[in-house]
Amino acid sequence: MSKAPSGDSPVHLRLPYLGLALIGGTLGTAAREAITLAFPSTSGIPWAIFAVNVLGAFLLGVLLDALARMGPDEGRRRRLRILIGTGFTGGFTTYSALATDTASLLGEGRVGIGYGLGTVLVGGIATWAGIAAAIALHGMHHATVTRRTVDAPQSGDSL
Amino acid sequence: MTALVFIALALAGGLGASARMLLDGFITSRMSGVMPWGTIAINVSGSLGLGLLTGLVGSQILSEAWQLIIGTGFLGGYTTFSTASFETIRLVQERKWATSLVNALGTLVTATAAAGLGLRIGGLA
């Protein structure tokens with residue numbers, strides 16, 4: 001009874017978290033629209049949406065893997081996951097435009113199949129590359145920390 | 001596009017992202033197994049919605065501003081490619097090859113079919 005009701009409810013029902021998704025999603029959607037306005041589709045293929053989806057898939061791969069390596073999904077890590085992951089990259093990327101454009105392009109045969117399958121395939125590779133980048137960054141950080149702790153006594157001696 | 005439409009479109013995308021979080025949490029908490037049903041349901045329903053909306057604009061029932069705010073904004077923010085892709089790769093990492101392939105291709109085929117159906121229905125109106 002003394003506990004705040006929000007502390008017991010599942011993450012997706014807590015207003016502060018839904019608010020973070022709203023902020024991130026607004027910024028992500030604005031970024032997507034800015035890019036599609038700057039690069040109008042040429043020859044009927046929506047390259048801007050393709051690029052947005054692939055870039056967003058890469059970013060989410062980096063983010064989720066990096067956060068998982070830093071510790072359990074709680075506190076600041078959970079807030080970052082919802083703000084940047086669920087919100088920003090979720091709002092930035094889009095499946096509805098991918099599906100609608102694929103359906104429209106299917107009238108032109110191979111172009112539609114190529115666009116749909118190509119996005120899913122390249123997006124998957126981008127996610128994998130994002131995860132690999134997070135692993136590499138973590139490794140570099142870990143190596144730096146290890147070197148510092150090894151160096152520390154020596155620099156202490158010289159003082 | 002006017003600045004007002006741009007801002008409304010972006011905010012609608014934020015609302016879409018919150019709606020996605022809510023619905024995904026609701027579905028995921030009621031499902032067991034490795035298949036990400038929440039994301040699948042969101043992407044298929046959002047694709048049906050955008051197809052319908054696009055078809056309606058073609059029939060000149062809906063203005064382009066509403067198409068931008070509800071379609072590009074709300075449904076764009078509601079559906080997500082990044083999470084769908086991440087879930088596919090996570091299934092690959094867990095060596096659930098078949099489930100991963102079914103998730104990736106199944107979502108693409110079903111969402112495209114839903115969008116195509118929406119385009120047809122919207123175009124008839």
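First, a word on scope: everything that follows refers to the structure included in this document. Worth saying up front: this structure is predicted, and the values here are computed from it rather than measured. (Residues numbered from 1 in each chain as written. Chains lettered and ligands numbered in written order. Predicted model: local features only at pLDDT ≥ 70, side-chain atom pairs only at ≥ 80, totals over all residues.)

1. Focus: the packing of helix H4 (residues 75-92) of chain A against helix H1 (residues 3-28) of chain B
Stage number 1. H1 of chain B packs onto H4 of chain A with a crossing angle of 120 degrees between their chain directions and a minimal axis gap of 9 Å. As the angle between them shows, H4 of chain A and H1 of chain B are arranged oblique. Between H4 of chain A and H1 of chain B the crossing geometry is right-handed. Along the contact surface, H4 of chain A presents Thr86, Gly87, Gly90 and Gly91 of chain A, while H1 of chain B presents Gly13, Gly14, Gly16, Ala17, Arg20 and Met21 of chain B. (Axes fitted to C-alpha atoms, helices over the stretch in contact; angles between N-to-C directions. Helix = DSSP H or I, 4+ residues; strand = E, 2+ residues; numbered from the N terminus. Parallel < 35°, antiparallel > 145°, perpendicular 65-115°, else oblique. Left-handed = near helix turned anticlockwise from the far one by under 90°. Contact = placed C-beta atoms within 7 Å.)

2. Quick notes on the interface of chain B and chain A
Stage number 1. Each partner contributes to the interface: chain B provides 47 residues, whereas chain A provides 44 residues.
Stage number 2. Secondary-structure elements contributing two or more residues to the side of chain B that touches chain A are H1, helix H2 (37-58), helix H3 (64-78), helix H4 (82-93) and helix H5 (97-124) of chain B.
Stage number 3. Considering each element in turn, the side of chain B that touches chain A owes the most residues, 16 residues, to H1 of chain B.
Stage number 4. Partitioning the side of chain B that touches chain A into residue classes produces 21 nonpolar, 24 polar and two charged. (Nonpolar A, V, L, I, M, F, W, Y, C, P; charged D, E, K, R; others polar.)

3. Here we look at helix H3 (residues 47-70) of chain A
Residues and elements named next belong to chain A.
Stage number 1. Over its 24 residues, H3 runs 35 Å from end to end, which matches the ideal 34 Å to within 8%, given 1.5 Å per residue.
Stage number 2. Counted residue by residue, H3 has 17 buried out of 24 residues, so it is predominantly covered.
Stage number 3. Phi turns positive, to about 150 degrees, at Gly71, one or two residues after H3. (Expected span 1.5 Å × (residues − 1). Buried ≥ 20, exposed ≤ 12 C-beta atoms within 10 Å, placed from the backbone.)

4. Quick notes on the environment of Gly73 of chain B
Stage number 1. Residue position: Gly73 of chain B is located in helix H3.
Stage number 2. C-alpha separation for the pair Gly73 of chain B and Phe6 of chain B, spaced 67 residues apart in sequence, amounts to 8.9 Å.
Stage number 3. Once residues within four sequence positions are removed from consideration, Gly73 of chain B is found in contact with Thr29 of chain A together with Ala8, Leu9, Ala10, Ala12, Gly13, Gly16 and Leu68 of chain B.

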